[in-house]
Amino acid sequence: MATEVSYFTKEGLDKLNEDLKNLKTKGRADIAHAIQEARDKGDLSENAEYDAAKDAQGHLEARIASLENVLAGARLIDESNVDTSKVMILSKVVLMNHLSKKEVTYTLVSETEASMKEGKISIKSPIGQGLLGKKIGDIIEISVPAGKMKLEVKKISR
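Residues numbered from 1 in each chain as written. Predicted model: local features only at pLDDT ≥ 70, side-chain atom pairs only at ≥ 80, totals over all residues. Heavy atoms only, no water.

Undergrad: Whenever I open this one, the side chain of Glu113 confuses me. Can you help?
TA: The residue Glu113 is located in the loop between β4 (102-109) and β5 (120-122) in this model. We note that Glu113 is buried and unpaired, the nearest opposite charge coming from Lys120 at a distance of 5.1 Å. Every residue in contact with Glu113, bar those within four places of it in the chain, is listed here: Tyr7, Phe8, Thr9, Gly12 and Lys120. (Helix = DSSP H or I, 4+ residues; strand = E, 2+ residues; numbered from the N terminus. Buried < 20%, exposed > 50% of the residue type's maximum accessible area, 1.4 Å probe, protein only. Lys, Arg positive; Asp, Glu negative; His and termini not counted. Salt bridge = Lys/Arg side-chain N within 4 Å of Asp/Glu carboxyl O. Contact = heavy atoms within 4.5 Å.)

Undergrad: I tried to follow the environment of Leu95 on my own but got confused; where do I start?
TA: The topology assignment puts Leu95 in strand β3 (residues 92-97). If we ignore the near neighbours within four places in the chain, the residues touching Leu95 are Lys102, Glu103, Val104, Tyr106, Leu131, Leu151, Glu152 and Val153.

Undergrad: What's the story with the sheet that holds β3 in this structure? I'm lost.
TA: Two pairing modes exist for strands in a sheet, parallel and antiparallel, and in both the strands are linked by backbone hydrogen bonds. Taking strand neighbours across the sheet as the criterion, the five strands line up as β5-β4-β3-β7-β6 in an open arrangement whose pairing is mixed. Looking at strand neighbours, the two that pair on one side only are β5 and β6 (139-144), the edges of this open sheet. Each strand of the sheet is rotated relative to its neighbour by a mean of 45°, with strand direction disregarded. (Pairing = 2+ DSSP bridges. Axes fitted to C-alpha atoms, helices over the stretch in contact; angles between N-to-C directions.)

Undergrad: Please explain unusual backbone geometry as it appears in this structure.
TA: Excluding glycine, residues mostly have negative phi values, and the peptide bonds linking residues are mostly trans. Notably, Leu90 is not glycine yet its phi reads approximately 75°, a positive angle. Here Leu90 lies in the loop between β2 (74-76) and β3. With relative accessibility at 8%, the residue Leu90 sits in the buried group. Phi angles above zero are rare outside glycine, and Lys101 is one such case at about 60°. For Lys101, the location among the structural elements is in the loop between β3 and β4. Since its relative accessible area comes to 60%, Lys101 is described here as exposed.

In structure tokens:
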């Protein structure tokens, strides 16, 4: 399986590394403890706690493998070199929604850093894809689950 390249801020990359370290240390220790406790309860063939702990171990190892795969393709973005003449990853974009007449601000980030509550949207989301390469004044129509959105790029910064 080819490793997909993903771009991260220093903050995002540090968080990913910290999550991986936590899963490998505390996560694995917690699962090992749960498996040992379940084993101590006797017959493993009818032990639901043992089965649940083994399932949790499988999920944990899958999550670790997934994070390792993301980190293998991770590239750090130099935020000082972000071009503000057009929308690209790490651009902070002010948009006018033509339907609601309200302005919204988004920062385009990698999929793993996306957080609507922080105003960070993935460059792979429908809105992120539609915005890439656009300039101030451009009007775009984007299909989203709720229908079509008409957005105008008002400001681009970093």
